[in-house]
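Structural overview
Chain residues, written in single-letter form:
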Amino acid sequence: MRKKVIFKGVALPYLLLLPQIAITGVFFFWPAGQAVYSSFLREDAFGLSRDFIGLENFRDVLTDPNYLSALWNTVVFSSAVAFSALGIALFLAVQADKAIRGAAAYKTLLIWPYAVAPAVAAVLWLFLFHPQIGLLGRALNGMGVNWDYKVNGGQAMLLVIIAATWKQVSYNFLFFLAGLQSIPKSVLEAAAIDGARPVRRFWTVVFPLLAPTSFFLLVVNIVYAFFDTFGIIHALTQGGPGKATETLIYKVYVDGVQNLNFGASAAQSVILMAIVIALTAIQFRFIERKVHY
Amino acid sequence: MFRRTFMAGALALGLAAPAMAQQPVELRFWHGLTQPLGGMLEQIATDFNASQNRYRVTASFRGSYPETMVAAIAAFRAGQAPHIVQMFEVGTGTMMAAGRAIKPVHELLAETGVNIDFSDYLPGVRGYYALTDGRMMSMPFNSSTTVVFYNKDAFRRANLNPDQFPQTWEGVEQAARALKGAGVACPMTTAWPTWAQVEQFSAIHNIPLSTQANGLGGLNAELRIANPLLTRHFTNLVNWQRDGLFRYGGRDGAADALFPSGECAMIFASSGLRARIQREAQFQWGVGMLPVYQGTTPINSIIGGASFWVMQGGPNRQRSAEELAGVAQFFAWLARPEVAAKWHTDTGFLPVTRTAFERVRATGFYGQPANAGADVPIEQMLRGGGQMTENSMGIRLGGFVEIRTIIQEELERAFQGQQTAEQALINAQNRGNTVLRNFERQNR
């Protein structure tokens, strides 16, 4: 039952589209085109000489074991962040949706972290978990746990996952809460009359009705973990120790900005772009079918 | 002499064009020094501006050394480069290969007729920034070297001689054990892991870091760090870390904070850390020279720190003669013995010229208790009779920023027990050589 609005002529619809097309062109197609172009070049840092080398950058990147390890780090990091951020947010939203005293205060407090900039969030966690100056870091060492994320790769990964998750929980919480509140009371009451207990009501009624929200959030969270966590990683671990927390987006920065290897960095950006396009396409094509809007 | 000519010039100008209220030529200068050093550097620019009114040097802080380097290169590509940029020693190879992006200092001086006597500069400083034929490419300024700072109070508690830092690594290990026995949680750490434990280590032990005289001979240099002596040293560091004698404090300057706070009893760090320790440390401390393994006679250490490079405005923007003249005048100001001497005594960086060193010594500065050990870096630079070998002249590798990171990464993986120290050096050498070959191809 889709409503169609039909314009007379073609000038007006294109005119109305123009601002959006212009913005997409300037902020997406132009830089993306530049990245694709640079990925075929070998350039010195100052941009004074450039050679066209075809697909050599891509070959170098894809055969680089460090690139493959960054890919693996990204898979671990993104799935851990997306699932724990969604899980925790859903739990908190369900709790905050109950009739409790001071619900508004809880809600406000839970939404707060979203307003914190990634780098600042990272510094907060650094002050908690730094092995020498951090509150929890010192406590852990005092308890005999050998906590030092600057030397231990697993601990470093755990720390960036915690920091990245913490920041994203608020956003998910907000959407889940809105989703919960839009579930009609009558459906829940009907289920209750049929004798369904709260847990059963949640899994058979609430959860399926939240599916569109969850699906939307899954996409947003994965994109967040891929791209928006640069600040957290940069401020906490700089991809170290070793390359234990170097994700794909961080490696693009290291190779392009720090090491001034523009060709390799551009090739990685192009691959990253392809990954994200593929990921989104898969999600919409296969997962969306099972979701009831 | 310079001042008189200059005054005369300014006077002549004033007489010739009284109506022409000249705008001073603006010279942008980007640096990478945090406080308090950054403020001291900006003060020098302010003093220069006050000494004349034709040029105005505006100094601005652009983040850490690597960030400043990246910012300057990006600005060049956009046609907005600063006139002068402070570049750390690791960027020297990249800048030398930058072709028409930079104005070599020897050309600058020749074209503007300004004279700076580079023969007065310490050989270790001069050689680092000169072509093999001796022509200067950049203007040396804040040069440091690696030294050891140690906590004398902690040494006393561990029944160690507080007035004598061990000369060998064997002695350092014993001291670390004694400190640990006396309850010190962190006996030893190192800032700048690659600079201190690989580059300086190789220089004073007189072994090559790479072929081609550590890269001074050409872009086709190959790393030689997977050698028995460095393997031995890395194996020790990894074992000491495991045994609690050594603590890895992070990359680059991250470990600096561990010493002034009293956390670690010994630190291998830049001599430029002195100012901060003086300000913050609540205990007695001393300065020691870098140790060697028994059976080696140490030779001179190399420098780190930074020099000033003259940049063109962009790929299609050349500097005007007026701008170049101003830059040359500013450099001549920096070369003045009183400026270099003050910088040295204020900060702990090396006095870059002999005249400055003599000048400071004549004031009895080193004899005062508060300044004890301020001459250790200089003596260490002249260790081995001042006869530099090709292993101790300096390092000029392309992509060196990346190579340093690679060595740190591989070392970190060894500290995690993911690989042996030997494997770490082999991996670092292979990965480093890939970087060198890439750089060679990019700059052919």
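What counts, and at which threshold
In every chain, residue numbers begin from 1 and rise along the written sequence. Ligands are numbered from 1 and chains lettered from A, in the order in which they are written. In keeping with the predicted nature of the model, local features appear solely for residues at pLDDT of at least 70, side-chain atom pairs appear and are counted solely at 80 or more, and the whole-chain, interface and lining totals rest on all residues. Paired strands, as defined in this entry, are two strands with at least two bridges between them according to DSSP. Secondary structure counts use DSSP, requiring at least four H or I residues in a row for a helix and at least two E residues in a row for a strand, with both numbered from the N terminus. Lines are fitted to the C-alpha atoms to define the axes, a helix being fitted only along its stretch in contact, and any angle between axes, read from their N-to-C directions, falls within 0 to 180 degrees. The domain limits used here are those given by an automatic or database domain assignment. Think of it this way: build a C-beta for each residue from its backbone, and any pair within 7 Å is a contact. Classification used: nonpolar for Ala, Val, Leu, Ile, Met, Phe, Trp, Tyr, Cys and Pro, charged for Asp, Glu, Lys and Arg, polar for all others including Gly. In this scheme, roughly parallel covers angles under 35 degrees and roughly antiparallel covers those over 145, while 65 to 115 is roughly perpendicular and the rest are oblique. The sense of a crossing depends on the near helix, which, turned anticlockwise from the far helix by less than a right angle, makes the crossing left-handed and, turned clockwise, makes it right-handed. In this scheme the burial state of a residue depends on its C-beta neighbours within 10 Å: 20 or more other such atoms mean buried, 12 or fewer mean exposed, and anything in between means partly exposed; the C-beta positions come from the backbone.

Our next topic: the sheet that holds strand S9 (residues 264-270) of chain B. All names here are of chain B. The sheet built from five strands is open, its strands ordered S8-S7-S9-S6-S10 with mixed pairing. This sheet does not close on itself; its edge strands, each paired only once, are strand S8 (246-248) and strand S10 (285-288). Taken over all neighbouring pairs, the strand axes of this sheet differ in orientation by 25 degrees on average, direction set aside.

Our next topic: the domain arrangement of chain B. Residue and element names in this part refer to chain B. Structurally, chain B comprises domain 1 (2-144 + 304-362) and domain 2 (146-301 + 392-442). Of note, the centres of domain 1 and domain 2, computed from C-alpha atoms alone, are 30 Å apart. The partner domain 2 presents 17 residues to the 23 residues of domain 1 that form the contact. Broken down by secondary-structure element, the contributors of at least two residues to the side of domain 1 that touches domain 2 are helix H4 (92-96), helix H6 (123-128), strand S5 (139-144), strand S11 (304-311) and helix H14 (337-347). Counting residues per element, the side of domain 1 that touches domain 2 draws most heavily on H4, at four residues. For the side of domain 1 that touches domain 2, the residue count by class is nine nonpolar, 13 polar and one charged.

Turning our eyes to something else, we now look at the interface of chain A and chain B. Each side of the interface is counted separately: chain A has 21 residues, and chain B has 28 residues. If you list the elements that add at least two residues to the side of chain A that touches chain B, you get strand S1 (41-43) and helix H11 (248-258) of chain A. Considered class by class, the residues forming the side of chain A that touches chain B number seven nonpolar, nine polar and five charged.

Let's shift gears to the environment of Thr237 of chain A. Turning to its location among the elements, Thr237 of chain A is positioned in the loop between helix H10 (230-236) and H11. Aside from chain neighbours lying at most four places away, what touches Thr237 of chain A is Tyr149, Ala156, Val160 and Thr245 of chain A.

Right, let's talk about the packing of helix H3 (residues 65-97) of chain A against helix H7 (residues 153-181) of chain A for a bit. Residues and elements named next belong to chain A. Where H3 contacts H7, the two axes come as close as 6 Å, and the packing angle between them is 40 degrees. Judged on the interaxial angle alone, H7 and H3 are oblique. H7 is crossed by H3, and the crossing has right-handed handedness. Residue classes in the contact of H3 with H7 are distributed as 22 nonpolar, five polar and one charged.

All right, on to unusual backbone geometry then. The backbone of Gln238 of chain A sits at a positive phi, close to 50 degrees, despite the residue not being glycine. With respect to the helices and strands, the residue Gln238 of chain A is situated in the loop between H10 and H11. Overall, the presence of 21 C-beta atoms within 10 Å leaves Gln238 of chain A in the buried class. One non-glycine residue with positive phi stands out, namely Asp252 of chain B, at about 45 degrees. Counting through the fold element by element, Asp252 of chain B comes out in the loop between S8 and S9. With 18 C-beta atoms packed within 10 Å, Asp252 of chain B lands in the partly exposed category.

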